[in-house]
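If you want the building blocks of each chain, they are given just below.
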Amino acid sequence: GPASAKTASVVQVHGVGAGRSAVLSGPDAHQARGQGSPEAVLAEAGPRRQPARKNGNRLWREQRDGKAVARNLAGMGAEVHMLCRSAERGAKALESIRGTLASRGEGCDGSNVELHLVDLSEPQQIKDFARDFKSTHAKVDILVNNAAVMPNELRFNSAGQEVALATNVIGFSGLIQSMAPLLERSEDARVVNVVSAGMFASKLHLPTIEKGLDRGACEAERDSYSGLNLYSQHHRARVMLTDHYADQLAAAGVRCNSVHPGWVDTPGLAGAKDMEGFYRMMGGALRDDDEGADTIVWLAACPGLRETGKYFFDRSARKKHKCLAGTKSPREDLERLVKVCEAGWGGV
């Protein structure tokens, strides 16, 4: 960026002051989009500090994982840029975050939080945002890729791409790609990719992934559309893409990890028709938003993070595959997955 460009920083690992940036993309992994949570957040902070645990994994009380993450980054001193699809819901989230911060009386009135309208299912909107952001910011220190959807019915974006694939995989990959030049300018950049444990049920099936780019093929199977099956496939893809970007960005020192926030009680989960039985069964065992946001912010803010290409749950690196589950894919499948992302990203 130009010499006069300011530095975006969201979460740092020893305090909160100057020169670091983070991007949080999307509502939590179990929430239908458009439920009032930021679709992405960028911020400007100072040195990182260790996030405190409260009541076990509990850090915050908020209505949404994404909003909780944004609020806590801002409370740490970050200049937060929230990317939201809906102007109305984004404004309500912004008002809530600012109000909560101001009420604490800790010197942060929420004026360091800014709202941007971006639909993460629309690659062109991500590209336009990234272009404008690069013109005013010199670097990004943290990218939190949080947007994911489980539609109840078949829908498409403006480019004719199935909307879950467009959000969960193409936009997911494209946002990392767009922010990579700014992440590489950071001394301690982090990419935190939020994923679902639903990925444990799936081995990547490339024909299913590729079909999302073919509107005609999708329409031919409209009656059998399953947001749940796609969700599992897409989150397996997200874990694999985390490995890809961990390798791609390693030379620049960017740490890229995935995290499962736990099964969080959100409107998206409650309203997903394919998850009705699961929601009833889990009942009070579902996590609240405080618990769901904990490890996301920890990965963004903990001092001295060295891990990259790992999958985290409850602040610990975990295995990406269950024993004898048969969900591992050959390297060739990852290469084909990357090409699908490139086709979707470059085709608009």
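As the structure is a computational prediction, the values presented were derived from the model and not from experiment. (Residues numbered from 1 in each chain as written. Predicted model: local features only at pLDDT ≥ 70, side-chain atom pairs only at ≥ 80, totals over all residues. Heavy atoms only, no water.)

**Section: the overall build of the chain**
- Tallying secondary structure elements over the chain gives eleven helices and nine strands in all.
- Within the chain, the fraction of its 348 residues that count as buried is 59%.
- Restricting to contacts in the chain with at least 6 residues of sequence separation, those with at least 24 account for 81%.
- Taken as a whole, the chain presents about 13,400 Å² of accessible surface, with 47% of it coming from carbon and sulfur. (Helix = DSSP H or I, 4+ residues; strand = E, 2+ residues; numbered from the N terminus. Buried < 20%, exposed > 50% of the residue type's maximum accessible area, 1.4 Å probe, protein only. Contact = heavy atoms within 4.5 Å. Areas by Shrake-Rupley, 256 points an atom, 1.4 Å probe, with all protein chains shown as cover.)

**Section: the confidence of the model for the chain**
- Of all residues in the chain, 73% attain a pLDDT of 70 or more, and the chain-wide mean is 80.
- Predicted confidence is poor over residues 27–37, with pLDDT under 50, and the contacts of this stretch with residues over four places away or in other chains come to 59 contacts.
- Long-range and interchain partners of residues 52–64, a stretch whose pLDDT sits below 50, account for 45 contacts in this model, where long-range means more than four residues apart. (pLDDT = per-residue confidence, 0-100.)

**A look at the packing of helix α4 (residues 163–183) against helix α11 (residues 331–346)**
- Running from amino to carboxyl end, α4 crosses α11 at an angle of 85°, the nearest separation of the two axes being 9 Å. Here α4 lies roughly perpendicular to α11, going by the angle between them. Contacts between α4 and α11 pair Val169, Ile170, Ser173, Gly174, Gln177 and Ser178 from the former with Leu337, Cys341, Gly344 and Trp345 from the latter.
- Residues belonging to the contact of α4 with α11 are distributed by class as follows: five nonpolar, five polar and no charged. (Axes fitted to C-alpha atoms, helices over the stretch in contact; angles between N-to-C directions. Parallel < 35°, antiparallel > 145°, perpendicular 65-115°, else oblique. Nonpolar A, V, L, I, M, F, W, Y, C, P; charged D, E, K, R; others polar.)

**What to know about the side chain of arginine 190**
- Tracing the backbone through its elements, the reader meets arginine 190 in strand β6 (residues 190–194).
- A polar side-chain atom of arginine 190 sits 3.2 Å from a polar atom in the side chain of aspartate 188. (Polar contact = N/O pair within 3.5 Å; in protein donor to acceptor, adjacent residues only side chain to side chain.)

**Looking at α11**
- Compared with an ideal rise of 1.5 Å per residue, which puts 16 residues at 22 Å, α11 spans 23 Å between its outermost C-alpha atoms and is within 8% of the ideal.
- Contacts from the buried residues of α11 go to α3 (123–134), α4, α5 (206–211) and α7 (227–249). (Expected span 1.5 Å × (residues − 1).)

**Regarding the pattern of salt bridges**
- The full count for this structure, using the stated rule, is twelve salt bridges.
- Here arginine 190 ties to aspartate 188 by a salt bridge, and the two come within 3.2 Å at their closest N and O atoms.
- Close ionic contact of arginine 336 with glutamate 210 constitutes a salt bridge, the shortest N to O distance being 3.0 Å. With a gap of 126 residues between them, arginine 336 in helix α11 and glutamate 210 in helix α5 connect regions that are remote in the sequence.
- A network of salt bridges, in which partner residues are shared, links Asp128, Arg131 and Asp132. (Salt bridge = Lys/Arg side-chain N within 4 Å of Asp/Glu carboxyl O.)

**Some words on the nonpolar core**
- Membership of the largest hydrophobic core comes to 39 residues, with the highest contact counts inside it found for Leu183 and Leu337.
- Broken down by secondary-structure element, the contributors of at least two residues to this core are α3, α4, α5, α7 and α11.
- Considering each element in turn, this core owes the most residues, ten residues, to α4.
- With near-sequence residues (within four places) excluded, leucine 337 lies in contact with Val169, Leu204, Leu206, Ile209, Ala237, Met240 and Leu241. (Core = buried A, V, L, I, M, F, W, Y, C linked by side-chain atoms within 4.5 Å.)

**Thoughts on the pairing of strand β7 (residues 255–260)**
- Burial of β7 is extensive: five of the six residues sit out of reach of the surface.
- Relative to β7, β6 runs parallel, the two sharing five bridges. Residue pairing across strands places arginine 190 opposite arginine 255, the latter belonging to β7.
- Here β7 pairs with strand β8 (residues 311–313) via three bridges, running parallel. Directly across from histidine 260, in β8, lies its bridge partner phenylalanine 313. (Pairing = 2+ DSSP bridges.)

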